[in-house]
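Spelled out, the chains give:
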Amino acid sequence: MRRPGGWWRTKSTPEKVETYTRWSFHFFGVIEVFALGVSAYGRTGAGLATLLCLLVTAHAAVCMLVSSRALDWTRGRRPQPVRLMWTLVVVSAVVSITAVGIAERGPAGEVETAAGSVYGGVLCFAAGIITLGVSGRRRMVAVVGGFAVGAGLLTFPLEMPVLASVVLAGLVMVTGGFLAVTSIFSLWLLNAVYALDDAKETRARLAVAEERLRFGRDLHDVMGRNLAVIALKSELAVQLSRRGRPEAVEQMIEVQRIAQESQREVRDVVRGYREAALEVELAGARGVLTAAGITAKVTGETAGLPAEVQSALGWVVREATTNVLRHGDAKEVAVTVRMSGGRVVLTVENDGVAETTGDVPSADTGGSGGSGLAGLRERLSAVDGTLEAGPGGRGVFRLTAAVPLPDAAAGAALGVAS
């Protein structure tokens, strides 16, 4: 069962910005209802005020629907809502004409002010919303200009002076243009956030690809020389065998030895044991996390640790980094290496765990076959180490690995730490 607000914490940063932007456009409709519809009750009678409020509410609902569909169109999820935008134009015209009729034939006085506010207000909101569904500056200017011209033309039945009509059209142009600019800027900001998130993922993939290239170079260094020697000695053994020389057997024995040595070295490379220093893994984790936009903080000393201890803890760092990138939405990761009671303790904490009762990774996270927490426990058990994983506080996941040190290494490590 999710805790209150869990749905928000599980969203990525771009999804949060999109949700905020979408509801901001919906809030425009709420502002329209209160500013134009509800305020009419203080300016005219209850009957006309209710009629104006219903018209404004219907117009605001269509505006909300258009803004939502236009936002989906901008993100490439829906086709352009052309028919819906024309529906908004028709609804805006109907509401405006009705407001003109109320102002012309209704009781004189405050009703004209209320109807006039509805008349100009719906055109301003419609102009700002419709620009969300068009592309190109010229089309956006044409939309706002069209509503401004329409606002001026619809005042002729009221027999308003030409100057007053021009002023009203100018007000619609300025107010509608402001709403249009605000809407376009919000869309630009949303698209920029998504673009930055895509760039962050690209940088993370490039960092992983660079690590794969490094692995490929290591594998080539191991196999390239040995395969060349095997090919040369095999050819020599063939020539010696054709001549009936007993040295051919010695050459094939040497080929067998090199092949077995190559097999061992490849196994070491695949398992990550070949020159696997904890400091190297920490530097690599810092680089990958930074490339993914995550703040990485590493503290503690790693000098003087035995090779088998560094290798085991290096795997912990590597697996923890992978889990941070794959699961949750971490903003900060803290890695601490410390000596305690003749043991070296590695702690990895991240704040990317959503506050739900079922969001803690299990022991099988990351799959099988040497991956995940179960695989780490197997590797640590080879050096009498232990692994603990679980919540470390509010929204924090903590991974703690402890490996005992030999007496000599413990004394040297403590000396370095002091």
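A. Up close: the overall build of the chain. Within the chain, the regular secondary structure consists of twelve helices and five strands. Looking at the chain residue by residue over its 418 residues, the buried ones come to 40%. The long-range share in the chain, meaning contacts at least 24 apart out of those at least 6 apart in sequence, stands at 69%. Carbon and sulfur atoms make up 61% of the accessible area of the chain, which amounts to about 22,700 Å² in all.

B. Fine view of the sheet that holds strand E2 (residues 332-340). Within the open sheet, the five strands sit side by side as E1-E2-E3-E5-E4. Their pairing is mixed. Each having just a single partner strand, strand E1 (295-299) and strand E4 (386-393) make up the two edges of the open sheet. Pairwise comparison of adjacent strand axes, ignoring direction, gives a mean angle of 15° for this sheet. Relative to strand E5 (residues 396-404), E4 is paired through seven bridges, and the arrangement is antiparallel. Along E5, the bridge assignment pairs Glu-388 with Thr-400.

C. Local environment of the packing of helix H2 (residues 13-37) against helix H3 (residues 46-74). Relative orientation of the contacting elements H2 and H3 amounts to 165°, with a least axis distance of 8 Å. It follows that H2 is roughly antiparallel to H3 by the angle criterion. Along this stretch, H2 crosses H3, giving a crossing that reads as right-handed. Between H2, through Glu-18, Arg-22, Phe-25, His-26, Gly-29, Val-30, Glu-32, Val-33, Leu-36 and Gly-37, and H3, the contact on the second element is made entirely by Ala-49, Cys-53, Val-56, Thr-57, His-59, Ala-60, Cys-63, Met-64, Ser-67, Ser-68, Leu-71 and Asp-72. The residue makeup of the contact of H2 with H3, split by class, is eleven nonpolar, seven polar and four charged.

D. Up close: the packing of aromatic side chains. In total, this model carries two aromatic pairs according to the counting rule given. The positively charged end of Arg-318 is found above the aromatic ring belonging to Trp-315, 4.9 Å away from the centroid. One cation-aromatic arrangement involves Arg-379 over Trp-315; the distance from NZ or CZ to the ring centre is 3.9 Å.

E. Quick look at the side chain of Gln-251. Position of Gln-251 relative to the elements: it lies in helix H8 (residues 247-271). Judged by relative accessible area, Gln-251 falls into the buried class, the value being 17%. For Gln-251, the contacting residues outside a window of four places in its chain are Lys-233, Leu-236, Ala-237 and Leu-240.

F. Structural context of the environment of Arg-43. Within the secondary structure, Arg-43 sits in the loop between H2 and H3. Each C-alpha atom of the pair Arg-43 and Ala-115 lies 9.6 Å from the other, and the pair is 72 residues apart in sequence.

G. Spotlight on helix H7 (residues 162-242). Look at H7: 112 Å from first C-alpha to last across 81 residues, which is about the 120 Å you get at 1.5 Å a residue. Positive backbone phi, at 75°, marks Gly-244, one or two positions downstream of H7.

H. Looking closely at the pattern of salt bridges. Within this structure, the stated rule accounts for ten salt bridges. In this structure, Glu-18 and Arg-22 form a salt bridge, with 2.9 Å as the shortest nitrogen-oxygen distance. Here Arg-22 and Glu-18 lie together in helix H2, a separation of four residues that amounts to about one turn. For the salt bridge of Arg-78 with Asp-72, the shortest nitrogen-to-oxygen distance reads 3.1 Å.

I. Looking closely at the nonpolar core. Leu-88, Val-118 and Phe-147 are the most contacted members of the largest nonpolar core, which has 46 residues in total. Counting residues per element, the ones that place at least two in this core are H2, H3, helix H4 (82-105), helix H5 (110-130), helix H6 (137-153) and H7. A total of twelve residues in this core trace back to one element, the largest contributor, which is H5. If near-sequence neighbours (up to four positions away) are discounted, Val-118 is found in contact with Leu-36, Leu-52, Val-56, Val-95 and Ala-99. Membership of the second largest hydrophobic core comes to 32 residues, among which are Leu-278, Leu-282, Ala-285 and Ile-294.

J. Broad picture of the confidence of the model for the chain. Chain-level statistics for the chain give a pLDDT mean of 81 and a share of 85% at 70 or above. Ranking the elements of the chain by mean pLDDT puts helix H12 (residues 407-417) last, at 51, and strand E3 (residues 343-350) first, at 92. Per-residue pLDDT stays below 50 along residues 354-371; that stretch engages in 32 contacts with residues further than four places along the chain or on separate chains.

K. Quick look at a nonpolar patch on the surface. A cluster of nonpolar side chains, Phe-27, Val-30, Ile-31, Phe-34, Val-38 and Tyr-41, forms an exposed patch at the surface whose accessible area comes to about 540 Å². Take Val-38: it is sitting in the loop between H2 and H3.

L. Examining the packing of H2 against H7 more closely. For the pair H2 and H7, interaxial distance at closest approach is 9 Å and the crossing angle is 170°. Considering the angle they form, H2 stands roughly antiparallel to H7. On H7, the residues that touch Pro-14, Glu-15, Val-17, Glu-18, Thr-21, Phe-25 and Phe-28 of H2 are Thr-182, Ser-183, Ser-186, Leu-187, Leu-190, Val-193, Tyr-194 and Asp-197.

Thresholds, definitions, all that
Residues numbered from 1 in each chain as written. Predicted model: local features only at pLDDT ≥ 70, side-chain atom pairs only at ≥ 80, totals over all residues. Heavy atoms only, no water. Helix = DSSP H or I, 4+ residues; strand = E, 2+ residues; numbered from the N terminus. Buried < 20%, exposed > 50% of the residue type's maximum accessible area, 1.4 Å probe, protein only. Contact = heavy atoms within 4.5 Å. Areas by Shrake-Rupley, 256 points an atom, 1.4 Å probe, with all protein chains shown as cover. Pairing = 2+ DSSP bridges. Axes fitted to C-alpha atoms, helices over the stretch in contact; angles between N-to-C directions. Parallel < 35°, antiparallel > 145°, perpendicular 65-115°, else oblique. Left-handed = near helix turned anticlockwise from the far one by under 90°. Nonpolar A, V, L, I, M, F, W, Y, C, P; charged D, E, K, R; others polar. Phe/Tyr/Trp six-rings, centres within 6.5 Å; stacked < 30°, edge-to-face > 60°. Lys NZ or Arg CZ within 6 Å of the ring centre and 35° of its normal. Expected span 1.5 Å × (residues − 1). Salt bridge = Lys/Arg side-chain N within 4 Å of Asp/Glu carboxyl O. Core = buried A, V, L, I, M, F, W, Y, C linked by side-chain atoms within 4.5 Å. pLDDT = per-residue confidence, 0-100. Patch = residues over 30% accessible without salt bridge, like charges linked within 9 Å, V, L, I, M, F, W, Y side chains within 5 Å.

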